[in-house]
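Remarks on the overall topology
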Amino acid sequence: MRTLLLLILAGIFTGVNAQTNDSLSNVYLNSADNQMLNTSRLTIGGYGEIHYNQPLNSGIRNNGSLDVHRMVLMFGYKFNDRTQFVSEIEFEHIGEVAVEQAFLQYKINNYINFRGGLLLTPMGIINEYHEPTTFNGVERPFVDKYISPTTWREVGAGFSGTYLPASLKYQVYVVNGFKSFDGSGALNGKYGLRKGRQKGAESFMSAPNVTGKIEYFGVRGLNVGLSGYFGKTQSTLYDGVDKNDHTAIAHADSSVVGVSMVGVDARYTTGGWQLRGQYYYAGLSNTGAYDRFTAANGTPNDLGSSLMGYYAEAGYNVFRGLEKKYGELIPFARYAYLNTQNTVAPGISRNSNNEKKIITTGLTWKIAPGAVIKADMQFMKSEADNAWSKTLNTGIGIMF
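Remember, predicted model here, so these are calculated numbers, not experimental data.

Quick look at the overall build of the protein
- Of regular secondary structure, the protein possesses 6 helices and 18 strands.
- For 400 residues, the compact-globule formula gives about 21 Å, and the C-alpha radius of gyration of the protein, at 22 Å, lands near that figure.
- If one aligns the C-alpha atoms of the protein with their principal axes, the spans along those axes are about 70 × 60 × 45 Å.
- Burial status across the protein gives 48% buried among its 400 residues.
- Across the protein, the fraction of contacts at a sequence separation of at least 24, relative to all contacts at a separation of at least 6, is 63%.
- A total of about 18,300 Å² of accessible surface is found on the protein, and carbon and sulfur atoms cover 59% of it.
- Once the 36 positive and 32 negative side-chain charges of the protein are each reduced to a mean point, those two points are 5 Å apart.

Topic: the pattern of salt bridges
- If you walk through the whole model with that rule in mind, you get 7 salt bridges.
- The residue glutamate 49 makes a salt bridge to arginine 70 at a minimum N-O spacing of 2.5 Å. Of the two residues, glutamate 49 sits in strand S1 (residues 42–56) while arginine 70 sits in strand S2 (residues 65–78), which places them 21 residues apart along the sequence.
- You can call arginine 70 buried: its relative accessible area is 6%.
- Measuring nitrogen to oxygen at the nearest pair gives 3.2 Å for the salt bridge that ties lysine 213 to aspartate 265. Taken together, the residues lysine 213 in strand S9 (residues 209–216) and aspartate 265 in strand S12 (residues 258–270) connect sequence positions 52 residues apart.

What to know about a positive patch on the surface
- On the surface, a cluster of positive charge is made up of Lys145, Lys190, Lys195 and Lys199.
- Here lysine 145 is to be found in helix H3 (residues 143–146).
- Under the relative-accessibility criterion, lysine 145 is labelled partly exposed at 34%.

Quick notes on the packing of aromatic side chains
- The tally for this structure, following the rule as stated, stands at 14 aromatic pairs.
- By the ring-pair criterion, three or more aromatic residues cluster together here, those being Phe142, Tyr146 and Tyr191.
- In this structure, arginine 267 packs its charged tip against the face of tyrosine 28, placed 3.9 Å from the ring centre.
- The cationic tip of arginine 334 hangs over the ring face of tyrosine 311; the distance from NZ or CZ to the ring centre is 5.5 Å.

As for the side chain of glutamate 131
- Inspection of the secondary structure puts glutamate 131 in the loop between strand S5 (113–120) and H3.
- Nearest to the buried, unbridged glutamate 131 among oppositely charged side chains is arginine 140, at 7.3 Å.
- Setting aside residues no more than four positions away along its own chain, glutamate 131 makes contact with Asn30, Ser31, Tyr47 and Met399.

Basis of the calculations
- Residues numbered from 1 in each chain as written.
- Predicted model: local features only at pLDDT ≥ 70, side-chain atom pairs only at ≥ 80, totals over all residues.
- Heavy atoms only, no water.
- Helix = DSSP H or I, 4+ residues; strand = E, 2+ residues; numbered from the N terminus.
- Rg over C-alpha atoms; globule rule 2.2 N^0.38 Å.
- Buried < 20%, exposed > 50% of the residue type's maximum accessible area, 1.4 Å probe, protein only.
- Contact = heavy atoms within 4.5 Å.
- Areas by Shrake-Rupley, 256 points an atom, 1.4 Å probe, with all protein chains shown as cover.
- Lys, Arg positive; Asp, Glu negative; His and termini not counted.
- Charge placed at Lys NZ, Arg CZ, Asp CG, Glu CD.
- Salt bridge = Lys/Arg side-chain N within 4 Å of Asp/Glu carboxyl O.
- Patch = residues over 30% accessible without salt bridge, like charges linked within 9 Å, V, L, I, M, F, W, Y side chains within 5 Å.
- Phe/Tyr/Trp six-rings, centres within 6.5 Å; stacked < 30°, edge-to-face > 60°.
- Lys NZ or Arg CZ within 6 Å of the ring centre and 35° of its normal.

See below:
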């Protein structure tokens, strides 16, 4: 299967040589981009998705679950030609309310914008392009849930822009990091970094982190991204510590993990074909000390010293040329692999349940711009399993 990934990605890169340079056709837009491009002073938008998930087992009866997974309201305001505000307010599972984005952007010149506020971490594809009409499959890929923990956003500031002569788009921000300790350990082997997201909700910071992404879109149909995230997790144990108290500082240091994450992604369209792939690797330092520290403080954890995941996906629009009448109908298949304990520190046991292979195949029918009906079958197997589990997923999604 790993060979399959390499062959698909090789096809993405080698198949573009005959394509004509058409940069602007490869600039992908998410809901925030659409708000900022709108010429109105006040903009209102949104997206949402409703899901049905039915586990299938020949010997056991399972109830299905139905969920208004998320409904998001978007509000933007343009103060003048240079200054804009963008926000997303998300309602998850009917009862949970969160702010997903809230940032101010100031245009310094045609190539540089300043951004500050609650920002999406620019890692991979799905974290920025997570609206249901922008990806295949009812649920977001597992790699984008457990390796790059979508939707991943934190408070920070930095710069973004597009340099059209070189067909490059960039982002670079300083942000607060994942929390690793706030009275109990937040990180573990099963969920990796996911439980450490602070999401701008009374966040605390003991050390700043840096994240950035650069995308190249200079070949027709192709968009390639390289992203990174570097820094340390945050711990409340540093708060109020005497700088000369080396014992207390060493104690706090044991509650912190270093994070170095890199990602490579590619999207390529040609004719009716739609190909995409992602690869993430996160190296974590000090995990042995962190696992011992959390165990001594009542929350024994087994955080891995590295996390890794990737996927390759291919789809084809069978309604190509008939989009105005029928929309787009895209059969697709995706193979994914992830391991939240890719490596572990000495003395830490690896749990084979955390190494997974997932095959997802299904249909995406974009019945109109901004409206989609989805169905897929998902097959999952961990290294601890003897057989593949199966789940039928269906859903509808909108974006406006």
